[in-house]
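Structural overview
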Amino acid sequence: MQHDAVAERRHNLGPIPFEADAPFLKIVGELPSDLNGVLYRNGPNPQFDAPGAHWFVGDGMLHAFHLENGRASYRNRWVRTPKWLAEHDAGRALFGGFGRKLPDAPQNLTDGGVANTNIIFHAGKLLALEEAHLPTEIEPGTLATRGYHNYQGRVAGSFTAHPKVDPVTGELVFFGYNAAGCPLTPALSYGSIDASGKATRFERFEAPYASMVHDFIVTENHVLFPILPITGSMERAMSGRPPYAWEPDKGAYVGVMKRNGTANDIVWFRGEACYVFHIMNAWEDGSRIVADVMQFEEAPLFPHPDGRPTDPEKSRARHCRWMFDLSGKTDRFQQTYLDDLTGEFPRIDDRRAGLKNHHGWYACANPRLPMFGALSGIVHVDGNGRRLGHYLLPAGDTISEPVFVERAADAAEGDGWLLAVVWRARENRSDLALFNATDVEAGPVALVQLGHRVPDGFHGNWVGAQ
């Protein structure tokens, strides 16, 4: 019976239909007594089923694991966006995803935001983020939704789910796509928020074509915008075809701009068609910029414009290094794979963001499973992609993005912990796993056990006790 149950639950993507509070959780092993704070995670958890809706567009649900003095508690809440509230009142889905309203939705309902991709803490505010809307402010502790935060009206339109915090200045650097006020356009925005929470810059510019730009690259003195061929098309969307699709003939572009420059200064580099959801880190090396990314040969989860699927063998991410020569000798950037292991959700010690790092981690797949399996382990690498450690979960279990937490503010790079949510397939529930960041092969040093599952999600961050 147990084997059959596992066979029926081949993945952990489906939503959970409840909000919960668990004030006292069982701990296997021992949590460090000085690890005090909250791991916040975000991911899609649709309130109502919308036939044909992409997994990316489910309502955001926040999961908070509070660790203090060796104890643990948990709380989850949906982000109460305008869309969530309207659908809750209607008792049914009103949107089909990517801003598409269902035919029977009220005419005056226009906001399809889901706030489901990331959650960060900056300048004293906890913010739930997605691709196409302003940040949604969340009340720490209760997870109550406070509404959109527009930085005193100085930021408009879309705001990336992957802003970068400069570890030296505390500045938050962000971008947005579909930034012209309507979806599926080539307009991008770029801006910055200082350490006090004041918007100091906001501008828009045109990319070579309309692309799904999930992440971007920031170094000490430069910003890079990857325009990769998951393309957006309003014409396709209006005709019932995929609004986003894989069009490799468009090629890969990366725009390089000086942080103290303007959009008029962008220099566009070309590369082999590929797709990247996530950047591990990037830094400057003389006249070169080096960026470590998780690169797909073909985009997963999105079809060709005619609906044909992409090649599963090529639709897997591998650790890859991009190199940009700013000396003006070439407009091509180099793409070199550092490993053949399938992986995603790369993280570093964020105190090295935009600077040369010597440690990195990502969730990996089990190469012994068919079709590379789901993400079921953690890899620890050095600054050149060489494996320093590799841990795999029991067969069937899956793992989330590993989040690094330094042992102390003055600890050496990489000295700390990795926190990751693990789905236990046979029990259909989740654990919060705590690893020694420089010894992942030893397995978790502690497990915080939940009685239910946390659906596979996207991103999270640790917020230390204030």
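Here, the structure is the one placed above.
Reading guide: rules and limits
Within any chain, residue numbers begin from 1 and follow the written order of that chain's sequence. Selection of residues for local features in this predicted model requires a pLDDT of at least 70, selection of side-chain atom pairs for listing and counting requires 80 or more, and totals for whole chains, interfaces and linings are taken over all residues. Each side-chain value is worked out from all heavy atoms of the structure, with water and hydrogens disregarded. For the purposes of this entry, the term helix denotes a DSSP run of H or I that reaches at least four residues, the term strand denotes a run of E that reaches at least two, and both are numbered from the N terminus. Here the globule rule is a power law, 2.2 Å times the number of residues to the power 0.38, and the radius of gyration is based on C-alpha atoms. What makes two residues a contact is simply this: any of their non-hydrogen atoms within 4.5 Å. We count a salt bridge whenever a side-chain nitrogen from Lys or Arg sits within 4 Å of a carboxyl oxygen from Asp or Glu. Only protein chains enter the accessibility calculation, which uses a 1.4 Å probe. A residue is then buried if its area is under 20% of the maximum for its type, exposed if over 50%, and partly exposed in between. We call two strands paired when DSSP finds no fewer than two bridges between them. Any two rings among Phe, Tyr and Trp, with Trp reduced to its six-membered ring, count as a pair given centres within 6.5 Å; such a pair is stacked if its planes are under 30 degrees apart, edge-to-face if over 60, and tilted if neither. Charges are assigned to positions over rings by a cutoff of 6 Å between ring centre and Lys NZ or Arg CZ, combined with an angular limit of 35 degrees from the ring normal. Only the contacting stretch of a helix is used when fitting its axis, a line to C-alpha atoms as for every element, and angles between N-to-C directions run 0 to 180 degrees.

The next point concerns the overall build of the protein chain. Summing up its helical and strand segments, the protein chain has three helices and 35 strands in all. At 21 Å, the protein chain has a C-alpha radius of gyration in line with the 23 Å of a compact globule built from 466 residues. Seen along its three principal axes, the alpha-carbon backbone of the protein chain occupies a region of about 55 × 55 × 45 Å. Taking as baseline every contact in the protein chain between residues at least 6 positions apart, the subset at least 24 positions apart corresponds to 59%.

A complete count under the given rule lists 33 salt bridges for this structure. Here arginine 318 and glutamate 297 are joined by a salt bridge, their closest N and O atoms 3.0 Å apart. Of this pair, arginine 318 sits in strand β24 (residues 317–325) while glutamate 297 sits in the loop between β23 (288–296) and β24, and the two are 21 residues apart along the sequence. Owing to a relative accessible area of 11%, arginine 318 belongs among the buried residues under this scheme. By relative accessible area, glutamate 297 is classed as partly exposed at 35%. Aspartate 340 is the salt-bridge partner of arginine 318, the closest N and O atoms lying 3.0 Å from each other. Highlighted residues: arginine 318 in strand β24 and aspartate 340 in the loop between β25 (334–337) and β26 (343–347), separated in sequence by 22 residues. Residue classification places aspartate 340 among the partly exposed positions, given a relative accessible area of 49%. Each of Asp397, Arg424, Glu427, Arg429 and Asp431 takes part in salt bridges that share partners, so that together they form one network.

The next point concerns the sheet that holds strand β12 (residues 164–165). Strand order in the open sheet made by the four strands is β12-β13-β14-β15, with antiparallel pairing throughout. Of all strands in the sheet, those bounded by a partner on one side alone are β12 and β15 (199–206).

The next thing to look at is the pairing of β15. For strand β14 (residues 187–193) and β15, the ladder comprises seven bridges, and the chain directions are antiparallel. Counted as the bridge partner of glycine 191 is phenylalanine 202 from β15.

This part covers the packing of aromatic side chains. Within this structure, the stated rule accounts for 25 aromatic pairs. Relative to phenylalanine 302, the ring of phenylalanine 56 has its centre 5.6 Å away and its plane inclined at 70 degrees; by these criteria the two rings are edge-to-face. Linking phenylalanine 56 in the loop between β3 (37–44) and β4 (60–68) with phenylalanine 302 in the loop between β23 and β24, this pair joins segments that are 246 residues apart in sequence. Relative to tyrosine 253, the ring of tyrosine 209 lies with its centre 6.1 Å away and its plane at 75 degrees, an arrangement referred to as edge-to-face. Of this pair, tyrosine 209 sits in the loop between β15 and β16 (217–218) while tyrosine 253 sits in strand β20 (residues 252–258), and the two are 44 residues apart along the sequence. For the residue pair tyrosine 209 and tyrosine 253, the accessibility class agrees, reading buried in each case. Grouping aromatic residues by their ring pairs yields a cluster made of Trp55, Phe56, Tyr244, Tyr275, Phe277, Phe296, Phe302 and Phe458. If you follow arginine 270 out to its NZ or CZ, it ends over the ring of tyrosine 253, 4.2 Å from the centre. The ring of tyrosine 337 is capped by arginine 318, whose NZ or CZ atom sits 3.7 Å from the centre of that ring.

Turning to unusual backbone geometry, a few remarks are in order. Leave glycine aside and you will find that most residues have negative phi; peptide bonds, for their part, are mostly trans. Even without a glycine there, the phi angle at leucine 301 is positive, about 70 degrees. Assignment of secondary structure puts leucine 301 in the loop between β23 and β24. Positive phi values are uncommon outside glycine, yet phenylalanine 345 reaches one of about 55 degrees. Its location among the elements puts phenylalanine 345 in strand β26. Judged by relative accessible area, which is 13%, phenylalanine 345 ranks as buried.

All right, on to the pairing of strand β32 (residues 416–424) then. With nine of nine residues buried, β32 is to be regarded as a mostly interior element. Taken together, the two bridges between strand β30 (residues 398–399) and β32 define a ladder with antiparallel strand orientation. Residue pairing for β32: isoleucine 399 is matched across the bridge by valine 422. One ladder, built from four bridges, connects strand β31 (residues 403–406) with β32; its direction is antiparallel. When the bridges of β32 are listed, valine 403 appears paired with leucine 419. Of the strand pairs in this sheet, β32 and strand β33 (residues 429–436) are connected by eight bridges, and their pairing is antiparallel. The residue of β33 that forms the bridge with leucine 419 is leucine 434. Adjacent in sequence and paired antiparallel, β32 and β33 are bridged by four residues, among which asparagine 428 carries a positive phi angle near 55 degrees.

The subject of this paragraph is the sheet that holds β24. Overall, antiparallel pairing links the four strands, which are arranged β22-β23-β24-β25 in an open sheet. The open sheet has two edge strands, β22 (275–285) and β25, and neither has a second partner. Mean inter-strand twist for the sheet, computed between neighbouring axes without regard to direction, equals 25 degrees. Inspection of the sheet shows β22 paired to β23 by nine bridges, in the antiparallel sense. Bridge assignment links histidine 278 to a residue of β23, and that residue is methionine 294.

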